[in-house]
Amino acid sequence: MKKLKNEQGMTILMALLLVLTAAVVSAVILSAALSAARRVNSDRAAQQNYLAVSSAAELVRDSVRTQKYVKTVTTETKVVKDEATGEERTEVEVKTEEHCPTGLMGAWLTEGARKNGCTDTVTITLPDEALPSVKAEFSMTGRGTGSKGYDIRIAFSLVDAEDADDCRMTLRLSGKYSYELDSGYSDKTVETTTIRWEYPAITKGTEEST
């Protein structure tokens, strides 16, 4: 009887050890599974962030490089005769017409062309609702006296990035300025100013404005 009791004690002890071992193994497996799930979620979020910022940069790039600003100033000299006195006088009529950019960046491009540059910050909501909103910091500046070029720099980042890696990107476009003067008329001159934006380049990170 004593030998049987001792064997029962050993059996209980081994069972407890097996249960403890199983619990430890289960905890390790669960911890690994949770860690893998967090890593997958983190990778998915990083991919979403990158896709959002790159999509916004490409959207703006495509909307700018198809646009142009054209300003036409027509100055016409007229000789007007006063019917009452029969005297003649010379009048100068100046007519200004603008062909303004349209689309996503139309307002910015028009303001910059009119004011020799501008800065602003807006939020871009992408067509894919699953992607987060993107902040675009716009800067349009001239190259200096005589060049008449208006270069564009736009820095993109997530609106709610906080301290996370938000896949910042920078878009640059080179402003191309052209001026034409048509004075072939004896009483009229036509001045045409055209601004286009070419050579778009998207780079990772935030470049300092130059």
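Within every chain, residues take consecutive numbers counted from 1 along the sequence as written. For this predicted model, a pLDDT threshold of at least 70 governs which residues receive local features, and a threshold of 80 or more governs which side-chain atom pairs are given and counted, while totals over whole chains, interfaces and linings are taken from all residues. Note that the side-chain values use all heavy atoms of the structure and ignore hydrogens as well as water.

Trainee: Please clarify how the environment of T141 should be interpreted in this entry.
Mentor: Strands here mean DSSP runs of E at least two residues long; helices mean DSSP runs of H or I at least four residues long; both are numbered from the N terminus. Mapped onto the fold, T141 is located in strand β4 (residues 134-142). Burial here depends on accessible area, computed with a 1.4 Å probe over protein chains only, as a share of the maximum for the residue type. Under 20% is buried, over 50% is exposed, and the range in between is partly exposed. For T141, a relative accessible area of 31% translates into the label partly exposed. With 22 residues separating them in the primary sequence, T141 and T119 have C-alpha atoms 8.5 Å apart.

Trainee: What exactly am I supposed to notice about the pattern of salt bridges here?
Mentor: Pairing between side chains of opposite charge can happen when the charged atoms of each approach one another. What counts as a salt bridge is simple: a side-chain nitrogen of Lys or Arg found within 4 Å of a carboxyl oxygen of Asp or Glu. If you walk through the whole model with that rule in mind, you get seven salt bridges. Two residues, E111 and K115, come together in a salt bridge whose shortest N-O distance is 3.4 Å. Of this pair, E111 and K115 are both found in helix α2 (residues 106-115), four residues apart, which corresponds to roughly one turn of the helix. On the basis of relative accessible area, E111 is assigned to the partly exposed category, the value being 31%. Because the salt bridges share partners, they merge into one network encompassing R61, D62 and R65.

Trainee: For this particular structure, what's the right way to read the layout of surface pockets?
Mentor: Left-over empty space is what a probe sized like a water molecule reveals as it rolls over the atoms. Put simply, the largest pocket is a space of about 230 Å³. As defined here, a cavity is a set of points on a 1 Å grid over the protein atoms alone where a 1.4 Å probe fits but cannot get out. A pocket is an open set with protein on both sides within 12 Å along at least five of seven lines, and residues line them when an atom is within 4 Å of a point. In terms of lining, the largest pocket is formed by 15 residues, of which the most central are Y69, K71, A113, Y177 and T193. Among the secondary structure elements, those contributing two or more residues to the lining of the largest pocket are β1 (68-81), α2, β6 (169-182) and β7 (188-204). Grid points are joined across faces, edges and corners, and a volume is the space filled by probe spheres set on the points.

Trainee: It is not clear to me how the sheet that holds β7 should be interpreted in this structure. Could you clarify?
Mentor: One key point about sheets: their strands pair by backbone hydrogen bonds, in either a parallel or an antiparallel sense. An order of β2-β1-β7-β6-β5-β4-β3 is seen for the seven strands of this open sheet, with the pairing classed as antiparallel. Edge strands, defined here as strands with exactly one partner in the open sheet, are β2 (88-99) and β3 (118-124). Here the strands of the sheet are splayed against their neighbours by 15° on average, with no regard to which way each runs. Only strands that DSSP links by at least two bridges are regarded as paired with each other. Two strands pair when backbone bridges link them, and β1 and β7 are joined in this way by nine bridges, in the antiparallel orientation. Of the residues in β7, the one forming a bridge with T74 is V190. Only heavy atoms enter the contact rule, under which two residues are in contact if any of them lie within 4.5 Å. The axes used here are C-alpha line fits, helices contributing only the stretch in contact, and every angle between their N-to-C directions lies in the interval 0 to 180 degrees. Those strands touched by α2 are β1, β2, β3, β4, β5 (150-158) and β7, and its axis lies near 25° from that of β4.

Trainee: Before we go on, may I ask you to explain the pairing of β2 in this structure?
Mentor: In regular strands, side chains alternate between the two faces of the sheet. Judged from the twelve bridges that link them, β1 and β2 form a sheet pairing that is antiparallel. Bridge assignment links V80 to a residue of β2, and that residue is R89. Linking β1 back to β2 in an antiparallel pair, the connection comprises six residues, with G86 at a positive phi of about 80°.

Trainee: Can you walk me through the side chain of T72 in this structure?
Mentor: Position of T72 among the secondary structure elements: in strand β1. Overall, T72 belongs to the buried group, its relative accessible area being 19%.

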